[in-house]
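Listed below, chain by chain, are the residues.
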Amino acid sequence: MARRDNWPGVKFTLPPTATVIATLPSDSEESELQENWQYTDELAFMDQIIAAFQLLLTLFLGYFLLRKFLTPAERPLRRSVAILVLGDVGRSPRMMYHAESFANNHFDTYIVGNKGAQPIPSLLTLPQVRLLYLPDPPKSFANLPFIISAPRKIILQVFSILETLLIRIPHPPEFILVQNPPSIPTLALVWLVSWIRGSKVIIDWHNLGYSILALKLGKDHLFVKIAEWFEAYFGRSAYAHLFVTQAMHDFLVKEWDLQGLKLVLHDRPPAHFHRASPQEMHELFLRLTPSFQTPDLLTFLPSSTSPTSTPFTRVLSSPSFSSFSTDIGIETDTPVPSQRPDRPALLLSSTSWTPDEDFSILLKALSLYEQKAIEAEGRLPKVLMVVTGKGPEREKYMNEVGTLQSGAGGTEEGWKYVRCVSMWLEAADYPLLLGSADIGISLHSSSSALDLPMKVVDMFGCGLPVCALNFKCLDELVRDGVNGLVFRDAEQLAAQLESLLTHFPSSPTLASLCASLQRSTPIPPTRSLSSFSYERSDASTPVSASTESPTGETVFGFGRSEEWEWCSWTQNWDRLMRPLVLPGVKSNVDAHI
Ligand SMILES: Nc1nc2c(ncn2[C@@H]2O[C@H](COP(=O)(O)OP(=O)(O)O[C@H]3O[C@H](CO)[C@@H](O)[C@H](O)[C@@H]3O)[C@@H](O)[C@H]2O)c(=O)[nH]1
């Protein structure tokens with residue numbers, strides 16, 4: 001007998017095989033859906049596979065539960081960690097940095113996630129790191145409506161995550177560090193695995209999963225309510241909770257009454273992020289030359305001849321400073337790369353092209369800048385806007401860019417002073433491009449208004465001043481006029497660009513902002529930073545190296561304490577995370593117990 005279940009807006013018919021087929025309330029909607037996808041043989045086959053997975057999953061869990069009750073438990077292996085990212089590992093910088101830090105502290109480090117972009121080089125070379133990739137969902141799922149594909153995807157994910165955490169990692173890891181979001185199904189799975197294997201769970205709260213779903217479905221949608229319940233229920237208890245902002249800490253502690261240690265671990269840049277030297281810039285732009293040879297850019301950028309010049313740099317011989325004699329007695333000149341005075345200003349934004357970043361603000365600001373540049377009669381430079389990153393909204397916005405640039409929309413003439421391109425850089429080149437740019441732009445607005453843009457952290461690490469879209473809690477990272485400028489709309493961003501770029505490359509406003517940024521973000525040479533804190537809501541939690549701040553509040557960061565501290569990721573991690581995961585470690589935290 002077929003069964004009908006009602007979901008908001010969509011009805012389903014479940015045939016005896018438990019296969020989900022969509023039927024829609026109205027004829028027009030039905031034909032629209034049938035146009036979009038068809039129940040093909042391939043899908044029927046997938047459903048058989050999924051049914052087999054369901055059976056396997058039941059047997060699999062039954063086996064582990066029996067083993068849990070009938071055999072003595074194996075103790076978790078000290079100094080081992082499983083890091084779970086339900087997403088592309090190579091595009092999860094914070095989790096890769098965690099993995100590198102654990103490995104550098106001699107942890108056996110398993111990274112569980114999806115294969116995609118190349119991870120940072122250290123993860124491929126550190127002997128303690130093992131990458132355990134999860135299988136990708138079949139491509140045919142991409143053509144299905146979300147409501148149909150989501151449950152299938154989840155069943156496959158559940159199976160592969162459990163298989164990895166319970167079998168592929170041979171001994172129970174001491175810790176399981178899980179990124180949130182996504183929350184479904186990972187939070188429930190790590191909870192189950194930690195119960196079976198005795199591992200301690202650390203939840204790294206990057207954002208709130210239900211708030212991202214609400215962007216798509218609306219905050220009152222039933223699925224959003226279910227997702228929120230799931231996240232709150234399975235995220236409530238953990239050995240420790242890490243938060244990317246003080247604001248997220250405060251919100252979750254108040255709203256969900258989180259249990260376990262709590263620690264604000266702000267994003268900080270890896271130590272190798274720095275302002276690029278002219279030599280590094282030149283070598284980078286030589287590598288990127290093919291990306292600058294599109295018809296749009298060839299006529300826009302200053303002409304260049306590889307390997308002695310690029311659109312941004314050139315190599316000049318400087319006999320007075322760098323002549324030297326070779327072994328065979330011939331005097332030669334050392335080539336000295338430098339930035340070209342006729343280069344366009346290089347603006348940079350980095351993104352995952354998700355719906356919480358509204359790039360139409362940037363496109364409008366660039367159009368306004370184009371007008372200002374036409375009127376400025378030479379006081380404003382040409383601008384090359386580079387947007388780095390991969391993600392779902394990329395195509396939509398880059399199509400818009402094409403229209404604006406060429407004037408194909410018909411409302412305005414094409415751009416003469418502005419070009420915008422998007423690219424994905426290898427992990428080693430990404431900080432070099434940031435370190436070669438003139439201004440960084442952040443359009444991060446956050447679905448929850450509780451997380452901060454890591455891209456801005458990257459930019460600060462590379463000495464790049466930013467213009468950042470304002471949102472609640474941005475002041476935990478960007479101070480208007482000190483390390484960047486804050487804007488609320490396209491008009492204000494265009495005005496900031498005009499002010500920063502007037503008389504470029506000798507712009508006094510830009511030089512002064514760069515100097516102010518350098519003063520506010522020096523990387524301290526040692527681990528001598530003073531402020532730190534943990535909060536412990538559960539006094540019975542067995543942690544030997546933690547403390548509560550005298551006020552009961554986490555005091556790190558200038559968001560609350562008005563104390564601005566800047567350091568590298570490693571310095572921050574060693575100071576705050578080491579005592580959490582290495583019981584007995586000697587650090588300044590011990591002194592406060
Ligand atoms: N290799 C490479 N990495 C890139 C590129 N473009 C962007 N990225 C990576 O992608 C990040 C930006 O991705 P977003 O998804 O836009 O991150 P965000 O909004 O700045 O920060 C969010 O994610 C962080 C963790 O991934 C969170 O810590 C943070 O709180 C926030 O939720 C950059 O920091 C960088 O690591 C590229 O061309 N190449």
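The rules behind each value
Every residue gets a number counted from 1 within its own chain, in the order that chain's sequence is written. Only residues with pLDDT of 70 or above have their local features reported here, since the model is predicted, and side-chain atom pairs are shown and tallied only from 80 upward, although totals for entire chains, interfaces and linings are computed over all residues. Side-chain metrics in this entry use all non-hydrogen atoms of the structure; hydrogen atoms and water are not considered. UniProt positions are given in the numbering used here, feature names are shortened, and annotations may be inferred rather than shown by experiment. Just to be clear on terms, a salt bridge is a Lys or Arg side-chain nitrogen sitting within 4 Å of an Asp or Glu carboxyl oxygen. Here a residue is considered near a molecule or strand provided that any single heavy atom belonging to it is located within 4 Å of it. Two N or O atoms count as a polar contact when they lie within 3.5 Å, although within protein this holds only if one can serve as hydrogen donor and the other as acceptor, and sequence-adjacent residues are included solely when both atoms are side-chain atoms. Method for areas: the Shrake-Rupley scheme with a 1.4 Å probe, in which residue coverage is limited to the protein chains shown. By definition, any uninterrupted DSSP run of H or I lasting at least four residues is a helix, any uninterrupted run of E lasting at least two residues is a strand, and each is numbered from the N terminus. Note that the domain bounds were set by an automatic or database domain assignment. Any two strands are treated as partners once DSSP identifies two or more bridges connecting them. When the strands point away from the viewer, a crossover counts as right-handed if the path from the first strand over the helix to the second runs clockwise. Residues are treated as being in contact if the distance between any of their heavy atoms lies within 4.5 Å. Buried surface area refers to the total accessible area, computed with a probe of radius 1.4 Å, that the two partners give up upon joining, counted for both partners together. Take the buried residues of types Ala, Val, Leu, Ile, Met, Phe, Trp, Tyr and Cys, join any two whose side-chain atoms come within 4.5 Å, and each joined set is a nonpolar core. Only protein chains enter the accessibility calculation, which uses a 1.4 Å probe. A residue is then buried if its area is under 20% of the maximum for its type, exposed if over 50%, and partly exposed in between. The convention used is that axes are lines fitted to C-alpha atoms, helices contributing only their stretch in contact, and that angles between N-to-C directions extend from 0 to 180 degrees. For classification, angles of less than 35 degrees are called roughly parallel, those exceeding 145 degrees roughly antiparallel, those between 65 and 115 degrees roughly perpendicular, and all remaining angles oblique. When the near helix sits turned anticlockwise from the far one by under a right angle, the crossing is termed left-handed; a clockwise turn instead gives a right-handed crossing. In this classification, Asp, Glu, Lys and Arg are treated as charged, Ala, Val, Leu, Ile, Met, Phe, Trp, Tyr, Cys and Pro as nonpolar, and every other residue, Gly included, as polar.

Looking at an unreviewed UniProt entry, one finds the protein chain named Chitobiosyldiphosphodolichol beta-mannosyltransferase, with Hermanssonia centrifuga as its source organism. Per UniProt, the protein chain has the following entry under Pathway (unreviewed entry): "Protein modification; protein glycosylation." Here the protein chain is described in UniProt, under the heading Subcellular location (unreviewed entry), as follows: "Endoplasmic reticulum membrane".

Participant: Can you help me understand the pattern of salt bridges in this one?
Facilitator: Oppositely charged side chains may form a pair once their charged atoms are brought near each other. One pass over the full model with this rule turns up 15 salt bridges. Note that K225 is salt-bridged to D220, the shortest N-O span being 4.0 Å. A network of salt bridges, in which partner residues are shared, links R94, D204 and D267.

Participant: Even after reading the chapter, I still don't get the site of the ligand, so can you show me in this structure?
Facilitator: The environment of the ligand is made up of 23 residues, and the closest members are D267, S352, D451, K455 and D458. Between the ligand and G389 there is a distance of 3.4 Å, counted from a nitrogen atom to a backbone nitrogen or oxygen. The separation between an oxygen atom of the ligand and a polar main-chain atom of M454 is 2.8 Å. When the ligand is considered free in solution it has 750 Å² of accessible area, and contact with the protein chains removes 90% of it. For the shell around the ligand, the elements supplying multiple residues, two or more each, are α3 (93-104) and α16 (454-461). Top element by residues in the shell around the ligand is α16. It accounts for three residues. Shared between two domains, the shell around the ligand takes at least three residues from each, and those domains are domain 1 (76-264) and domain 2 (278-302 + 338-518).

Participant: Can you walk me through the pairing of strand β4 (residues 77-88) in this structure?
Facilitator: On any regular strand, side chains alternate: one points to one face of the sheet, the next to the other face. Pairing geometry for β4 and strand β7 (residues 173-180), over five bridges, is parallel. Counterpart to L84 in the pairing with β7 is V178. Pairing analysis gives six bridges linking β4 to strand β5 (residues 108-114), with the strands arranged parallel. Counterpart to I83 in the pairing with β5 is I111. In this view, the connection linking β4 to its parallel neighbour β5 by way of α3 has right-handed handedness.

Participant: Any chance you could explain the domain arrangement of the protein chain here in plain terms?
Facilitator: Interfaces are often sized by the accessible area lost when the parts come together. Its domain assignment divides the protein chain into domain 1 (76-264) and domain 2 (278-302 + 338-518). On a C-alpha basis, the centres of domain 1 and domain 2 stand 32 Å from each other. Across the boundary between the two partners, domain 1 contributes 21 residues, which contact 16 residues of domain 2. For the pair domain 1 and domain 2, the two sides together bury roughly 1,400 Å², of which 66% comes from carbon and sulfur. When the buried surface of domain 1 facing domain 2 is broken down by residue, R91, L215 and T245 rank first, second and third, together holding 33% of it. Inspection of the region where domain 1 meets domain 2 yields zero salt bridges. Taken together, the elements giving at least two residues each to the side of domain 1 that touches domain 2 come down to α3, α7 (209-217) and α9 (246-256). Among the elements that line the side of domain 1 that touches domain 2, the one with the most residues is α9, at four residues.

Participant: When you look at the nonpolar core in this model, what are you seeing that I'm missing?
Facilitator: One finds L433 and V581 to be the most contacted residues of the largest nonpolar core, which totals 126 residues. Sort the elements by how many residues they give to this core and helix α5 (residues 146-168) lands first, with nine residues. Two domains share this core, each providing at least three of its residues, namely domain 1 (76-264) and domain 2 (278-302 + 338-518). Apart from the residues within four sequence positions on either side, L433 is in contact with L284, F285, L288, L346, L348, V386, T388, M423 and L425. Counting 38 residues, the second-largest nonpolar core is a separate cluster that includes W353, A376, I441 and L443.

Participant: What exactly am I supposed to notice about the environment of P505 here?
Facilitator: With respect to the secondary-structure elements, P505 resides in the loop between α17 (490-501) and α18 (508-520). In the structure, P505 is positioned 165 residues away from R340 in sequence and 9.2 Å away in space, judged by C-alpha atoms. Filtering out sequence-adjacent residues up to four positions away, P505 remains in contact with P341 and R343.

Participant: Explain the packing of helix α6 (residues 186-197) against helix α8 (residues 222-235) here, please?
Facilitator: Close contact between α6 and α8 brings their axes to 9 Å; oriented N to C, the two are set at 25 degrees. The pairing of α6 with α8 is recorded here as roughly parallel in orientation. Here α6 and α8 pass one another in a crossing that is left-handed. Contacts from L187, A188 and W191 of α6 reach α8 at F230, E231, F234 and G235. Across the contact of α6 with α8, the residue classes tally to five nonpolar, one polar and one charged.

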